[in-house]
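What the coordinates show
If you want the building blocks of each chain, they are given just below.
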There are 2 protein chains.
Amino acid sequence: MSAKALDYDSLNENVKKVQYAVRGELYLRASELQKEGKKIIFTNVGNPHALGQRPLTFPRQVVALCQAPFLLDDPNAGLIFPADAIARAKHYLSLTSGGLGAYSDSRGLPGIRKEVAEFIERRDGYPSDPELIFLTDGASKGVMQILNTVIRGPQDGILVPVPQYPLYSAAISLFGGSLVPYYLEETANWGLDVHNLRESVAQARSKGIIVRAMVIINPGNPTGQCLSVANLKEILRFCYQENLVLLGDEVYQQNIYQDERPFISSRKVLLDMGPPISKELQLVSFHTVSKGYWGECGQRGGYFEMTNIPPQSVDEIYKVASISLSPNVPGQIFLGLMVNPPKPGDISYEQFVRESKGILESLRKRARIMTDGFNSCRNVVCNFTEGAMYSFPQIRLPPKAIEAAKRAGKVPDVFYCLKLLEATGISTVPGSGFGQKDGVFHLRTTILPAEEDMPAIMASFKKFNDEFMEQYEDYRGYSRM
Amino acid sequence: MSAKALDYDSLNENVKKVQYAVRGELYLRASELQKEGKKIIFTNVGNPHALGQRPLTFPRQVVALCQAPFLLDDPNAGLIFPADAIARAKHYLSLTSGGLGAYSDSRGLPGIRKEVAEFIERRDGYPSDPELIFLTDGASKGVMQILNTVIRGPQDGILVPVPQYPLYSAAISLFGGSLVPYYLEETANWGLDVHNLRESVAQARSKGIIVRAMVIINPGNPTGQCLSVANLKEILRFCYQENLVLLGDEVYQQNIYQDERPFISSRKVLLDMGPPISKELQLVSFHTVSKGYWGECGQRGGYFEMTNIPPQSVDEIYKVASISLSPNVPGQIFLGLMVNPPKPGDISYEQFVRESKGILESLRKRARIMTDGFNSCRNVVCNFTEGAMYSFPQIRLPPKAIEAAKRAGKVPDVFYCLKLLEATGISTVPGSGFGQKDGVFHLRTTILPAEEDMPAIMASFKKFNDEFMEQYEDYRGYSRM
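Residues numbered from 1 in each chain as written. Chains lettered and ligands numbered in written order. Predicted model: local features only at pLDDT ≥ 70, side-chain atom pairs only at ≥ 80, totals over all residues. Heavy atoms only, no water.

1. What to know about the domain arrangement of chain A
Much of the literature gives interface size as the accessible area that the parts lose upon coming together. All names here are of chain A. You can read the domains of chain A as domain 1 (8–39 + 353–472) and domain 2 (95–339). Surface buried jointly by domain 1 and domain 2 totals about 2,900 Å² across both partners, of which 55% is contributed by carbon and sulfur atoms. Summed over the three residues of domain 1 that lose the most area to domain 2, namely Arg364, Asn383 and Glu386, the buried surface amounts to 23% of that side. If you look at where domain 1 meets domain 2, you find 3 salt bridges. A salt bridge links arginine 261 to glutamate 386, with the shortest nitrogen-to-oxygen separation between them at 2.6 Å. The interface formed by domain 1 and domain 2 contains 16 residue pairs in polar contact (both at pLDDT 80 or more). The set of elements that each furnish at least two residues to the side of domain 1 that touches domain 2 consists of α1 (13–17), α15 (349–375) and β10 (390–391). For the side of domain 1 that touches domain 2, the element with the highest residue contribution is α15, accounting for 6 residues. (Domains from an automatic or database assignment. Buried area = accessible area lost by both parts, 1.4 Å probe. Salt bridge = Lys/Arg side-chain N within 4 Å of Asp/Glu carboxyl O. Polar contact = N/O pair within 3.5 Å; in protein donor to acceptor, adjacent residues only side chain to side chain. Helix = DSSP H or I, 4+ residues; strand = E, 2+ residues; numbered from the N terminus.)

Put into structure tokens, the structure is as follows:
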């Protein structure tokens, strides 16, 4: 009898090709060790609440009230909920038809898309059209939908930074397209050089690839860099010249840990450039409630905004979104709260500011502790985390370690990260999961462990690393490259 | 300059091919009319809360508390939440690592998957393995993931009932496979005849299609029929002989409006049949919190359970689920509550039973009012809604109406449904959106409008229909087929 449709050998090959290292071999091994009772520090994924970050009080109050609308008539509700949370819950319920239990429009609730448009206008200084904003179950789902719309087959290429967040490589595999890598320059603080871009496109075209879109992640994941206005302009001009859709992954726009390069959206830079580019370049920008000082990953709320996308294409994207009916409605309300937080004078304003500032200031300190910690280790060098939630140190593995990895049948950085996990419980993601230049090795860790735990974690890392290096370094001495 | 990647002409052709009538032309027109101030009765989608169904109190209390865990320490919380809701919220929070704001495992929280497995065991009498249960953002997302795993290209065929819920046709188009239709017999109360199945498969194979899987929807959507054990056995035997994966869409398992054929799961029938079939047939079953007496559509909670799927394939499905990190956590908790509702003796038990019974009994009455209402109309015949949430009357359009539709450039049933919408505000879905035999016309409406509104809605429908028939019927008289 021939293979059954769900036997491994007969599965869709694109499914098998997918790689997603953030929850790959290291994560699976960490989960096993945890089951066996080992204490694991999960720094494999940017999941702040899992590492102890507390949710912001006001948005949780509002969503709790939306879930329990019968409380709005309960005279005792005022004892445990502030009046502005009650008012806001009523506001959001008035935007639904049937509360949180009803499917919304497949693009999300019109009233919340309007709040998103107002947020974008305040941020960028240009009006935004709610009809071009679609709410999604987290940013990843939006990215996947746009890639699925763009990719027609293996000849279609998508420019993706290396190192990249593996959502991009995974989704491109799943939809059967081709990933066209462009390298970020570690020695230039993970900057983006347009000459590299041109080279990547030329090389892809020589292989018959039609390059259709370019992904930027700003602030960078896993690399943490923040793009300058000048750099963004170059990128936009490049996309315009090369006729590429720009996909702007801007989910870390609140996570900025330096003052030289504040976040600036691709859309603002585009519109500042004026016609013809501002009227023609196709841009899709992504945002989420999972990052920032929110970190509401489990709620799955996000949006994408389309600029210069023809109405007929917007209709097609709407149609496909309709198949899964609607993004989850509580997640939509979190998004509404994120783009429209308490204002000065509101009862909850002071608390909201105190909580959100506290988180952001602590992340800034942790970014510094972590970078400094890595740089104090033997054979480890690390750029400062300017933004996002990650540290991406380079681990200069001695030749003997690389040989040992080969003997163990492991990629060298996987070998290192597994040893780190077994020795310390720190669960990271090997750089090979994000892409890196040949012969260069990294790991990615989030900067999310609690601030008070950070010194101990970095000490534990240093102890492991320095012993590892001691063990594998040639006693002739291993010179830094 | 050549077309840009997001210009309509250069989009992925599979995206353009997708049709999803539930939110198609009729829905868009209804939304327009609503904007213009017309009162619309949205019966296009099974969205009970949008039509006034109230949420069950206990689950909403639990999820509200999970969203606001700081309330668990508030001495006033006991004034507005019953103790069992507080205890249950603590239970679910203990299953998370980081509350609702943290990503869970991509398959869902292990503790909730365990509760689902226990529910399945109680329901079917056979143990279920939590490792083979994946939680999803609603059942649709699960169906899409499995179809994406099975479909390798246009040569791969999926047997789908006609009429069908258009999720299936839409997803098969999106993933570039081939839909192989098998017809349900309207004159046999929408029964499924295995001879038809064989014919459909033979015909598909003669065109070079490799038939890989079969979809059943039980209870039926849009047709409302409940499959008998004998019929399910035939289907399972057929799938076994033909080497097909069976996809069992069982989202309406709580929605049963007659006593002759209670719901029985495909899995129970399969396991009752014993080896070899019970050990070999590949089955994936789907369930949701959106239907039943829950109707929590906006929360997007669902699961699928895999039977006889090889571990390596399960791993692949897990890997792809990982790309979008995790299903939304509040939706997972609703699912936990659905499979593990209050028990006799619990403080909230009486209220829970009263509320859920009330909804189900009212739906049963509405199914009857609607069927009888349709059958009282000129040229309309309608099978009784045995289960699910829909009525699917056949509308026997007179030849003149068909000609008028052609002149208007509309499919005849779309023409009829648009006229119905404009005249009455009732927003239905034309039968052509679900598939029907040539020359036969239907519409689908949910049975969800409030019981007290039902007589007026049916009277309004009857008035429109009978006038429509009067207008278009040949004065020679139009004989019923």
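2. Notes on the sheet that holds strand β15 (residues 443–446) of chain B
Residue and element names in this part refer to chain B. Taken in spatial order, the 3 strands of this open sheet run β11-β15-β14, and their pairing is antiparallel. One side of each edge strand has no neighbouring strand; the edge strands of this open sheet are β11 (390–391) and β14 (429–430). Relative to β15, β14 runs antiparallel, the two sharing 2 bridges. Note that in β15 the partner of proline 430 across the bridge is leucine 443. Here helix α15 (residues 349–375) sits on the sheet and contacts β11 and β15; the angle it forms with β15, its principal contact strand, is near 150°. (Pairing = 2+ DSSP bridges. Contact = heavy atoms within 4.5 Å. Axes fitted to C-alpha atoms, helices over the stretch in contact; angles between N-to-C directions.)

3. Thoughts on the packing of helix α7 (residues 139–150) of chain B against helix α13 (residues 311–323) of chain B
Residue and element names in this part refer to chain B. Between α7 and α13, whose axes approach to 11 Å, the crossing angle comes to 125°. It follows from the interaxial angle that α7 and α13 lie oblique. When the axes of α7 and α13 are compared, the crossing they make is right-handed. In contact with Gln145, Ile146 and Thr149 of α7, α13 contributes Ile317, Val320 and Ala321. (Parallel < 35°, antiparallel > 145°, perpendicular 65-115°, else oblique. Left-handed = near helix turned anticlockwise from the far one by under 90°.)

4. Some thoughts on helix α14 (residues 329–339) of chain A
Residue and element names in this part refer to chain A. Within α14, 11 of the 11 residues are buried, which leaves it mostly tucked inside the rest of the structure. Of the positions making up α14, those classed as buried are Val329, Pro330, Gly331, Gln332, Ile333, Phe334, Leu335, Gly336, Leu337, Met338 and Val339. Where α14 begins, the side chain of asparagine 328 points an oxygen toward the backbone nitrogen of glycine 331, at a separation of 2.7 Å. (Buried < 20%, exposed > 50% of the residue type's maximum accessible area, 1.4 Å probe, protein only.)

5. Overview of the nonpolar core
Note that soluble globular proteins tend to have their nonpolar side chains buried in a common cluster. Counting residues in each nonpolar core, the largest one holds 324 residues, and the members touching the most others are Met214 of chain A together with Met214 of chain B. Once residues lying within four places of it in the same chain are set aside, the contact partners of methionine 214 of chain B are Leu159, Tyr182, Leu192, Leu197, Ile235, Phe238, Cys239, Leu244, Val245, Leu246 and Leu247 of chain B. (Core = buried A, V, L, I, M, F, W, Y, C linked by side-chain atoms within 4.5 Å.)

6. Observations regarding the UniProt feature "domain: Aminotransferase class I/classII large" (unreviewed entry) in chain A
Per the UniProt record, "domain: Aminotransferase class I/classII large" (unreviewed entry) is annotated on residues 84–449 of chain A. Here residues 84–449 of chain A is 43% helix and 15% strand, with 32 Å between the C-alpha atoms at its ends. (UniProt positions renumbered as here; feature names shortened; annotations may be inferred.)

7. Some remarks on the interface of chain B and chain A
With 98 residues of chain B at the contact, the number on the chain A side is 98 residues. Overall, the association of chain B and chain A removes approximately 8,200 Å² of surface from exposure, summing both partners, and the carbon and sulfur fraction of that is 59%. Across the chain B-chain A interface, the total number found is 2 salt bridges. Residue lysine 141 of chain B is joined to aspartate 137 of chain A by a salt bridge in which the shortest nitrogen-to-oxygen separation is 3.4 Å. Our count for the chain B to chain A interface comes out at 49 residue pairs in polar contact (both at pLDDT 80 or more). With 8 residues, α13 of chain B is the largest single contributor of residues to the side of chain B that touches chain A. A per-class count over the side of chain B that touches chain A returns 48 nonpolar, 31 polar and 19 charged. (Nonpolar A, V, L, I, M, F, W, Y, C, P; charged D, E, K, R; others polar.)

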